[in-house]
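Coordinates in review
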Amino acid sequence: TSRLVTNVTTDSNALLSYAKRLKRRIWVNMVDKYIAVSDYVALQLQDHAGVPAEKITTIFNGILLERFDVKDVAKEKLRVELFGKNSRRKIICYVGQLSEEKGVLCLLAAIRCLSAIRDDFVLIVAGAGPLAALIADNEVIDGKKRIFFLKYRDDVEKILSISDLLVCPSLWEEAFGLVLAEAAAAGVPCVASRVGGIPEVAIDGQTAVLFEPGDIDNLTEVLNTLLADDEKRKTLSINSKIHAMRHFNLSDVVARTLDVYNAYL
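Quick summary incoming for the structure in this document. All values reported here derive from a predicted model rather than from experimental measurement. (Residues numbered from 1 in each chain as written. Predicted model: local features only at pLDDT ≥ 70, side-chain atom pairs only at ≥ 80, totals over all residues. Heavy atoms only, no water.)

**Brief notes about the pattern of salt bridges**
- Considering all chains together, one arrives at 13 salt bridges under this definition.
- For Asp230, the salt bridge is made with Arg233, and the minimal N-O distance between the two is 2.9 Å. Pair noted here: Asp230 and Arg233 are both in helix α10 (residues 230-247), with a separation of three residues, about one helical turn. (Salt bridge = Lys/Arg side-chain N within 4 Å of Asp/Glu carboxyl O. Helix = DSSP H or I, 4+ residues; strand = E, 2+ residues; numbered from the N terminus.)

**A word on the packing of aromatic side chains**
- Counted under the stated rule, the structure contains four aromatic pairs.
- Look at Phe60 and Phe248: their rings are 5.8 Å apart centre to centre, the planes differ by 45°, and that puts the pair in the tilted class. Within this pair, whereas Phe60 is found in the loop between β2 (56-58) and α3 (72-83), its partner Phe248 is found in the loop between α10 and α11 (250-262), the two being separated by 188 residues in sequence. Neither residue differs from the other here; Phe60 and Phe248 are each classed as buried.
- Geometrically, the ring pair formed by Phe83 and Phe148 is edge-to-face, given 4.8 Å between the ring centres and 85° between the ring planes. Linking Phe83 in helix α3 with Phe148 in strand β7 (residues 147-151), this pair joins segments that are 65 residues apart in sequence.
- Owing to a relative accessible area of 10%, Phe148 belongs among the buried residues under this scheme.
- One aromatic cluster is present, formed by Phe60, Phe176 and Phe248 through successive ring pairs.
- Sitting over the ring of Phe121, Arg146 keeps its end group 4.6 Å from the ring centre. (Phe/Tyr/Trp six-rings, centres within 6.5 Å; stacked < 30°, edge-to-face > 60°. Buried < 20%, exposed > 50% of the residue type's maximum accessible area, 1.4 Å probe, protein only. Lys NZ or Arg CZ within 6 Å of the ring centre and 35° of its normal.)

**Structural notes on the sheet that holds β7**
- On the basis of which strands lie adjacent, the open sheet formed by six strands has the order β7-β4-β3-β8-β9-β10 and parallel pairing. Two strands in the sheet have a free side with no partner beyond their single neighbour: β7 and β10 (208-211). The average angle at which neighbouring strand axes cross in this sheet is 20°, direction not considered.
- Pairing geometry for strand β9 (residues 190-193) and β10, over four bridges, is parallel. By the bridge assignment, Cys190 is partnered in β10 with Ala208.
- Along the sheet, helix α4 (residues 104-115) contacts β3 (90-95), β4 (121-126), β7 and β8 (165-168); its crossing angle with β4, the most-contacted strand, is approximately 165°.
- Packed onto the sheet, helix α7 (residues 178-186) meets β3, β8 and β9 and runs at close to 170° relative to β8. (Pairing = 2+ DSSP bridges. Axes fitted to C-alpha atoms, helices over the stretch in contact; angles between N-to-C directions. Contact = heavy atoms within 4.5 Å.)

This is the structure we're talking about:
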């Protein structure tokens, strides 16, 4: 009886798997065009869904660039609100979901390591998620408030406007990484993990410096090097704004998307 049940279960699983593949193939054939938000996603569609390459067009996500043109008065107001009038410490920021797959634990560990090397920086964390309590409990490192936990915010443009670096330490394969495009629009250099679609949005050596996912030592080294190099950060900032205008301008993205739809009307 046990053997019979095993065989029936195996046959059922095989039949279910075949049915899923057949359903997927039918859907693939029914769709005229797929729009992927990155070449990474386009490759996933080809490799895992069997979508022919000629059916896929890559169009990056778009953002309102003007939203990230924050006035100096607003910048200074937020800086004073958070740190007081006389603080000019460099600001690293993290904006996003507070979860393990986003690399938050790696970031916390790197910040501790960085604190042992230099004292001229703080970390702003804006977001919500299962690790929120952990962030709140670790704001103070070695007797000094090193992390400022802002919880969920709807003024990301202001946070980015006062930041010297954005960190995106994801462990999982991001399809795009919208906050990286937002940072580029704000002219903020990025430090990001080399995974998924991230390298297409944050260009290593041009608008960002990439590190290996989960590598605490690598992340610490990159952060330390960039904080010490004002000219490098300035160059990355200039390149970032140019990159955002060329690739993430919402009006351009909408126009390209409409072109794809109009081709099939």
